[in-house]
Amino acid sequence: MKEIKMLSTADDTQVKVWFRAARAADFPENGGACVRYKDAQIAVFNFSRRSEWYACQNLCPHKMQMVLSRGIIGSTEGEPKVACPFHKRTFSLRTGACMNSADEGIVTFPVKVEDGYVLIGFAQ
């Protein structure tokens, strides 16, 4: 958990490290999987219905459980989101903001696919 606090949301202009997470084919369509970066668990989502990829911390801040990679993805008014599979808190996959309560948001990361591999951008 400490490591997530050290990581921060970055946009493409702040990325210093593009981490090669896995082959794109290893991620389920319209679902997520968890990868490790340093000591942090990162949830990666292949939102194939939208032809988009997203990454965020795997830790749900509501009950402090590493479960977001197993969450259900969808959209509300065009905003891509993930719902915690246990607590149903929903988070924007773009901004990390909690969409259905005043709870703390999550950290999100830029994602790109190059040469068949998913790359996640980190500011540090």
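Everything quoted here is computed from the prediction, not taken from an experiment.

**Notes on the environment of Trp53**
- Here Trp53 is to be found in strand E4 (residues 52–57).
- In this structure the C-alpha to C-alpha distance between Trp53 and Ala25, which are 28 residues apart in sequence, comes to 12 Å.
- With residues up to four places along the chain from it excluded, the contact list for Trp53 reads Ala24, Phe27, Val44, Phe45, Asn46, Val111, Val113 and Val118.

**Overview of the environment of Phe45**
- By the secondary structure assignment, Phe45 is in strand E3 (residues 40–47).
- For Phe45, a relative accessible area of 0% translates into the label buried.
- Separated by 79 residues in sequence, Phe45 and Gln124 have C-alpha atoms that sit 21 Å apart.
- Setting aside chain neighbours within four positions, we find Phe45 in contact with Gly31, Gly32, Glu52, Trp53, Tyr54, Cys56, Leu68, Ser69, Ile73, Val82 and Leu93.

**Some points on the packing of aromatic side chains**
- Taken as a whole, this structure holds six aromatic pairs when the rule is applied.
- Seen from their ring centres, Phe27 and Trp53 are 5.6 Å apart, and the 85° between their planes marks the pair as edge-to-face. A residue pair is termed long-range when its members are at least 10 positions apart, and Phe27 in the loop between strand E1 (17–23) and strand E2 (31–37) and Trp53 in strand E4 qualify at 26 residues.
- Taken together, the ring pairs in this structure connect Phe19, Tyr37, Phe109 and Phe122 into an aromatic cluster.
- Between Arg20 and the ring centre of Tyr117, over which it is positioned, the NZ or CZ distance is 3.6 Å.

Conventions adopted
- Residues numbered from 1 in each chain as written.
- Predicted model: local features only at pLDDT ≥ 70, side-chain atom pairs only at ≥ 80, totals over all residues.
- Heavy atoms only, no water.
- Helix = DSSP H or I, 4+ residues; strand = E, 2+ residues; numbered from the N terminus.
- Contact = heavy atoms within 4.5 Å.
- Buried < 20%, exposed > 50% of the residue type's maximum accessible area, 1.4 Å probe, protein only.
- Phe/Tyr/Trp six-rings, centres within 6.5 Å; stacked < 30°, edge-to-face > 60°.
- Lys NZ or Arg CZ within 6 Å of the ring centre and 35° of its normal.

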